[in-house]
Amino acid sequence: MKTAVHFGAGKIGRGFIGDLLHQSGYRIVFADVNEVLNKEMNTYHNYFLYIIEEDHRKVEIDHVSALSPITEKEQLIQEIFRADLITTAVIVDNFAKIAGVLAEGLKARLDAGKPRIDVIPCENAPYCGDMLVKELAATGILTAEEIAQAAAVPNTVVDRMVFGYTCDGREGIEIGKDFELAIELTRLTDTGSEPIKGAEYTDNIEKYLERKLFVINGGHCSAGYLAHLKGFTIIQDYFRTEEGLETSRRSMAQAAALIEKKHGFNHDKMMAYVDFALNRWCTPGVADEITRISRAPIRKLKPAERMVAPAVQCAEAGLPNELLIKAIGAAFLFDVDTDDQAAELLNYVEANGIDEAVEHYTGLKKGTELHAQVVAAYRELKNTDQ
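Asks: Can you walk me through the layout of surface pockets in this structure?
Replies: A water-sized probe rolled over the atoms picks out the places where empty space is left. If you add up the space inside the second largest pocket, you get close to 200 Å³. Lining the second largest pocket, in full, are Glu 322, Leu 323, Ile 325, Lys 326, Gln 373, Ala 377, Glu 380, Leu 381 and Thr 384. Taken together, the elements giving at least two residues each to the lining of the second largest pocket come down to helix 14 (322-331) and helix 17 (369-383). Residue classes in the lining of the second largest pocket are distributed as four nonpolar, two polar and three charged.

Pasting the structure below:
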């Protein structure tokens, strides 16, 4: 049986990547610092997933074990040495914590003349492969040239709904049946291979990154800003209203039309992608607070980010964007005391006016049509009796 070493035994690690690795025929060695979880996997050599949309159908993930990169470092290096595939789901901020042991394992492979191995980071961050390579190089254990000789590290795009779930006295994971895992084909060891079954392989990862950022990430936070103005605190409650669901669908469809035109995605598949996101957000039993999904509005209003970029590019492409503009206006009204960026945004508007604020935070220049449209949307929303 093939072996995959996977860094990160959290909900995404076990519920998403572990599931796909299991379906791809791998024995999975998890690397994690959670000793309680490691002990359970080493005792039972399995864990369970529960598919939400299928009445919590129980799925067993077997042939698993776990090692601590801290207390069992040498054993982990040996597993990396013998592995057929390496994956991660640790959050990119933790790359520095795993880079040392991973680099040592890769160096052992390189010194022994082992073939290059695919190291696939499955992280919710753009260009996570490039970020991992940078952290590996920072260890000083391998040079940039040696990293390239030892491993192929593609960029990826990931998305799946996962939640903690306890059943029969054991910790399991609730998962949504739909998911996205796009892998940069041209940076694999073998461009004709599919090391993880069920993933999409592409020679243009940028279009998958933009698809997720503009359609899913942008659609989700934009719905939150509009829902907040209507007094909702849980986004699912907003989606349960006909107005909320249809406004969100139409807004996401405007971003989807841009991605379709720009990157050549099939129209029906793009609409299915919108439905995939909305169906996930409407899953019974799920409750996401708007203060979480729409937090940090200053970051989300940056010119290259999920809200402004698609609105600008739609205008340049001659595509409708009025709902994208409306959401940008709504972001300037996100009055959440516990959000430092929301407070800064409101204070800036009060001190300098909305015209100055729109230019300052979005990069849209005063005097341009888009700037005027955002300001008009803001004023209309501000004066509307919500």
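So much for the structure itself; the text now carries on.
Asks: I tried to follow empty space enclosed by the protein on my own but got confused; where do I start?
Replies: As enumerated under the stated definition, the model contains two cavities of 30 Å³ or more in all. Taken as a whole, the largest cavity encloses approximately 50 Å³ of empty space. Forming the boundary of the largest cavity are Phe 214, Gly 218, Gly 219, Ser 222, Ser 251, Met 252, Ala 255, Arg 306, Met 307, Leu 324 and Ala 327. Mapped by element, the contributors of at least two residues to the lining of the largest cavity are helix 7 (205-229), helix 9 (242-263) and helix 14. Considering each element in turn, the lining of the largest cavity owes the most residues, four residues, to helix 7.

Asks: Just checking my understanding: could you explain unusual backbone geometry for this structure?
Replies: Among all residues except glycine, the phi angle is most often negative; among peptide bonds, the trans geometry is most common. Look at His 63: it is not a glycine, yet its phi comes out positive at around 55°. Along the chain, His 63 falls in the loop between strand 4 (57-62) and strand 5 (64-67). Residue classification places His 63 among the partly exposed residues on the basis of a relative accessible area of 43%. At Tyr 127, a residue that is not glycine, the phi angle is positive and equals roughly 55°. If you trace the backbone, Tyr 127 turns up in the loop between strand 7 (117-121) and helix 5 (128-138).

Asks: How should I be thinking about the packing of aromatic side chains in this particular structure?
Replies: Two aromatic rings are characterised by how far apart their centres lie and by the angle between their planes. Here the structure, examined in full by the defined rule, presents ten aromatic pairs. Ring geometry for Tyr 225 and Phe 334: centres 5.1 Å apart, planes at 80°, overall edge-to-face. Taken together, the residues span a long stretch of sequence, with Tyr 225 in helix 7 and Phe 334 in the loop between helix 14 and helix 15 (340-352) at a distance of 109 residues. For the residue pair Tyr 225 and Phe 334, the accessibility class agrees, reading buried in each case. With a centroid separation of 6.1 Å and an interplanar angle of 50°, the aromatic rings of Tyr 238 and Phe 239 are classed as tilted. With a relative accessible area of 2%, Phe 239 lands in the buried category. Grouped by ring-pair contacts, the aromatic residues Phe 232, Tyr 238, Phe 239 and Trp 281 constitute a single cluster. The positively charged end of Lys 2 is found above the aromatic ring belonging to Tyr 26, 4.2 Å away from the centroid. Over the face of the ring belonging to Tyr 47 we find Arg 14, whose NZ or CZ atom lies 6.0 Å from the ring centre.

What counts, and at which threshold
- Residues numbered from 1 in each chain as written.
- Predicted model: local features only at pLDDT ≥ 70, side-chain atom pairs only at ≥ 80, totals over all residues.
- Heavy atoms only, no water.
- 1 Å grid on protein atoms, 1.4 Å probe; cavity = no way out; pocket = protein on both sides within 12 Å on 5 of 7 lines; lining within 4 Å.
- Points joined across faces, edges and corners; volume = space filled by probe spheres on them.
- Helix = DSSP H or I, 4+ residues; strand = E, 2+ residues; numbered from the N terminus.
- Nonpolar A, V, L, I, M, F, W, Y, C, P; charged D, E, K, R; others polar.
- Buried < 20%, exposed > 50% of the residue type's maximum accessible area, 1.4 Å probe, protein only.
- Phe/Tyr/Trp six-rings, centres within 6.5 Å; stacked < 30°, edge-to-face > 60°.
- Lys NZ or Arg CZ within 6 Å of the ring centre and 35° of its normal.

That's the geometry; what it means functionally is another story.
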